[in-house]
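Analysis of the macromolecular model
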Amino acid sequence: GIYVTISILTSNQSISAPAPDAEGIVRLADVDFSDSVVIISYDCFAIYPGVYYSAGDFAADQVREGRSWYYGGREMEQYGTLRLVLNLVPGGTYAVSARNASYAQRLYIDGKEYDAIGVAGESKESTVPASRRYTIGFTAQAETTEIILHYAAFVHSDGGGVYPMDIGSVSNVARLEQKRV
């Protein structure tokens, strides 16, 4: 797989996430997050273009087969779903940070919706574009954590993009974001 490593001048170590295993899970339970932030690249996401799937859809196996995302290799299409499954320590508190996918986004972690960025619609008329960075804290509820992103890119001719996502302890991710600012 393709890995994106970002070198940031912090006391924290930035490391690249491993590629998803055969089950599509990015295994991070053994990472020492006390001094590390893991960079999750776009190739760790599965993409489902042209449809918005929910956590319930995946749990009920009511989805078509997704495909791996490789930037520059395939178009995202105008809207769709991105899914990332992480193996984390249950009960552990984490934060994720990234630039929103494409140009409007809804974010769900284990089925819970977080603040939307713009309005990700199914048409140009129902989409309101927006672009910014976000940081979200959460507690892993089980051995796997599911992150779902709904995206819409009707306003840009390049089809938008998927950007690297940082995951780590809340304090380390917050420190990384402060350094970016």
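Because the structure is a prediction, the values reported are computed rather than measured.

Enumeration over the complete set of coordinates arrives at six aromatic pairs. Taking 5.6 Å as the distance between ring centres and 70° as the angle between the ring planes, the aromatic pair formed by Tyr 53 and Phe 58 counts as edge-to-face. Among the aromatic residues, those joined into a cluster by ring pairs are Phe 33, Tyr 94 and Phe 138. Here the guanidinium or amino end of Arg 99 rests over the ring plane of Tyr 163, the centre of that ring lying 4.4 Å away.

All right, on to helix 2 (residues 170–180) then. Of all the positions in helix 2, only Asn 172, Val 173, Leu 176 and Glu 177 are classed as buried. All buried residues of helix 2 lie within an arc of 135° about the axis, which places them on one face of the element. Residues of helix 2 that are exposed and angled more than 90 degrees away from the buried face: Gln 178 and Lys 179. On its buried face, helix 2 is in contact with strand 3 (36–40), strand 7 (93–99), strand 10 (133–139) and strand 12 (165–168).

Take the sheet that holds strand 7 next. Pairing is mixed across the open sheet formed by five strands, whose spatial order is 1-3-12-7-10. At either end of the open sheet lies a strand with only one pairing partner, and these are strand 1 (13–16) and strand 10. Taking each pair of neighbouring strands and ignoring which way they run, the sheet shows an average axis angle of 25°. One ladder, built from four bridges, connects strand 1 with strand 3; its direction is parallel. By the bridge assignment for strand 3, Gln 13 is matched with Ser 36. In the packing of helix 2 onto the sheet, the strands contacted are strand 3, strand 7, strand 10 and strand 12, and the crossing angle to strand 7 comes to about 25°.

In this section: the environment of Ala 153. Summarising the element assignment, Ala 153 is placed in the loop between strand 11 (144–152) and strand 12. Taking the C-alpha atoms as reference points, Ala 153 and Ala 101, separated by 52 residues in sequence, lie 9.0 Å from one another.

Although it is not a glycine, Asp 61 sits at a positive phi angle of roughly 55°. Mapped onto the fold, Asp 61 is located in the loop between helix 1 (55–59) and strand 5 (67–68).

Cut-off values and rules
- Residues numbered from 1 in each chain as written.
- Predicted model: local features only at pLDDT ≥ 70, side-chain atom pairs only at ≥ 80, totals over all residues.
- Heavy atoms only, no water.
- Phe/Tyr/Trp six-rings, centres within 6.5 Å; stacked < 30°, edge-to-face > 60°.
- Lys NZ or Arg CZ within 6 Å of the ring centre and 35° of its normal.
- Buried < 20%, exposed > 50% of the residue type's maximum accessible area, 1.4 Å probe, protein only.
- Helix = DSSP H or I, 4+ residues; strand = E, 2+ residues; numbered from the N terminus.
- Arc of directions from axis to C-beta.
- Contact = heavy atoms within 4.5 Å.
- Pairing = 2+ DSSP bridges.
- Axes fitted to C-alpha atoms, helices over the stretch in contact; angles between N-to-C directions.

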